[in-house]
Amino acid sequence: MEVEQTALPGIGLRHEFTTRSGRRIGIVSHRTGRRDLVIYDPTDPDRACETVKLNDEEADALCELLGAPRIVQRLNALHREVEGLVSLQLPILPGTSYDGRPMGEARVRTRTGASIVAVVRAGQVFASPGPDFVFAGDDVVVVVGSPESTAAVADILTNG
C-alpha cells in the first residue's frame with residue numbers, strides 16, 4: 001500500500017492512499033492535534049465529498065478499532081511463515097516489579113532476543129512501544145520470539 005505524505009504549511013500533514021476499489025482516503029493531521037478523516041469524490045480525486053473532524057479521543061478510538069485486529073492478523077500471518085516463532089500475551093500484575101516502571105528497564109530484547117510488539121491497556125493498543133513507555137498494572141504485553149525467549153520474558157516480567 002502506497003501512502004502519500006504532503007506537508008500543509010501552517011496546517012500540518014496530509015496522508016493519502018487509494019483503496020483497491022479505487023476510493024481515495026486521507027488523514028489531515030493538524031498542528032493543533034485535531035485529525036480530519038477525508039473521503040474523496042470517486043469521480044474527482046481532488047474534491048473531498050466527506051470530511052469527519054476527530055478529536056484526540058476519537059482518533060485514538062478509530063486507531064484502536066482498525067489497528068488491534070491488524071496487529072493480530074499480521075502476527076498470525078508471521079507465525080504461519082516463520083516456523084518456531086511464537087507470541088505470548090503477558091499480564092503486568094498490579095504491584096509486581098514492573099508495575100510503574102519504564103519498559104526499557106526490563107531490557108527484554110537485549111536479555112532474551114524477544115520483542116515487545118504491543119501493550120494493551122484498558123482496551124487501547126499501544127503498538128511498538130518505546131523504551132520510555134511505562135508499564136501499569138493490568139497491562140497486557142504482547143511478546144514475539146522463540147518459545148525459549150518469550151518464556152524468558154515472562155520470567156523477567158513476573159520475577160524481575
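Residues numbered from 1 in each chain as written. Predicted model: local features only at pLDDT ≥ 70, side-chain atom pairs only at ≥ 80, totals over all residues. Heavy atoms only, no water.

**Student:** Quick question: what am I supposed to make of the sheet that holds strand β5 (residues 44–54) here?
**Tutor:** Through backbone hydrogen bonds, the strands of a sheet pair up, either in parallel or in antiparallel fashion. In space, the five strands of this open sheet follow the order β1-β2-β3-β4-β5, with antiparallel pairing throughout. Edge positions in the open sheet fall to β1 (4–8) and β5, since each of these has one partner strand only. Between one strand and the next, the sheet's axes are offset by a mean angle of 25°, whatever the strand orientation. Sheet analysis places strand β2 (residues 12–18) next to strand β3 (residues 24–30), joined by seven bridges and oriented antiparallel. Bridge pairing links R14 to V28 in β3. (Pairing = 2+ DSSP bridges. Helix = DSSP H or I, 4+ residues; strand = E, 2+ residues; numbered from the N terminus. Axes fitted to C-alpha atoms, helices over the stretch in contact; angles between N-to-C directions.)

**Student:** Could you clarify how one ought to interpret the side chain of D139 in this entry?
**Tutor:** Here D139 lies in the loop between β8 (124–127) and β9 (140–145). At 2.8 Å, the side chain of D139 and the backbone nitrogen of A136 are in polar contact. Beyond its immediate sequence surroundings of up to four residues, D139 is in contact with L90, P91, I92, V119, V120, R121, F133 and V134. (Polar contact = N/O pair within 3.5 Å; in protein donor to acceptor, adjacent residues only side chain to side chain. Contact = heavy atoms within 4.5 Å.)

**Student:** Which parts of the structure should I look at to understand the packing of aromatic side chains?
**Tutor:** Geometrically, a pair of aromatic rings is defined through the distance of the ring centres and the angle of the planes. A full pass over the atoms with the stated rule returns two aromatic pairs. On the basis of an interplanar angle of 55° and a centroid distance of 5.2 Å, the ring pair of F126 and F133 is categorised as tilted. A ring pair is formed by F133 and F135, whose centres lie 6.4 Å apart and whose planes are at 75°; its orientation type is edge-to-face. Chaining the aromatic ring pairs together yields one cluster made of F126, F133 and F135. (Phe/Tyr/Trp six-rings, centres within 6.5 Å; stacked < 30°, edge-to-face > 60°.)

**Student:** Would you mind showing me how to read unusual backbone geometry here?
**Tutor:** Keep in mind that most residues, glycine aside, have a negative phi and that most peptide bonds are trans. Of note, R107 is a non-glycine position whose phi angle comes to about 50°, a positive value. On the secondary structure map, R107 appears in the loop between β6 (86–91) and α2 (108–112). According to the relative accessible area criterion, R107 is partly exposed, its value standing at 47%. (Buried < 20%, exposed > 50% of the residue type's maximum accessible area, 1.4 Å probe, protein only.)

**Student:** Would you mind showing me how to read the nonpolar core here?
**Tutor:** Most often, soluble globular proteins keep nonpolar side chains buried together rather than apart. Core analysis: the biggest nonpolar cluster contains 16 residues, and Y98, I116, F135, V141, V143, V153 and L157 have the highest contact counts within it. Breaking this core down by element, the ones donating at least two residues are β7 (115–121), β9 and α3 (147–159). With three residues, α3 is the single largest residue contributor to this core. Residues within four places of F135 in sequence aside, it is in contact with I92, Y98, D99, G100, R101, M103, I116, V119, R121, V141 and L157. (Core = buried A, V, L, I, M, F, W, Y, C linked by side-chain atoms within 4.5 Å.)

**Student:** Honestly, the pattern of salt bridges in this entry has me stumped. Any pointers?
**Tutor:** Where side chains of opposite charge bring their charged atoms close, a pairing between them can arise. The tally for this structure, following the rule as stated, stands at seven salt bridges. Across the pair R101 and E105 runs a salt bridge, and its minimum N-O distance is 2.7 Å. Note on E105: relative accessible area 41%, which makes it partly exposed. When the shortest N-O distance is used, the salt bridge between D139 and R121 registers 2.7 Å. Taken as a pair, D139 in the loop between β8 and β9 and R121 in strand β7 lie far apart in primary sequence, 18 residues in all. The class of D139 is buried, set by a relative accessible area of 0%. Each of E4, R14, E16 and R24 takes part in a single network of salt bridges with overlapping partners. (Salt bridge = Lys/Arg side-chain N within 4 Å of Asp/Glu carboxyl O.)

**Student:** In this structure, what is going on with the environment of S29? I would like to understand it.
**Tutor:** Structurally, S29 can be placed in strand β3. Each C-alpha atom, one on S29 and one on H15, is 8.2 Å from the other, the two residues being 14 residues apart in sequence. The residues touching S29, leaving out its near neighbours within four places in the chain, are I11, G12, L13, R34 and R35.

**Student:** Explain the sheet that holds β6 to me, please; I cannot follow it from the model alone.
**Tutor:** Sheet architecture is open: four strands sit in the order β6-β9-β7-β8, paired in antiparallel fashion. Edge positions in the sheet fall to β6 and β8, since each has one partner strand and no second. Sheet twist, expressed as the mean angle between neighbouring strand axes with direction ignored, is 20°. Bridge count between β7 and β9: five bridges; the pairing is antiparallel. Looking at the pairing, A118 lines up with V142 of β9.

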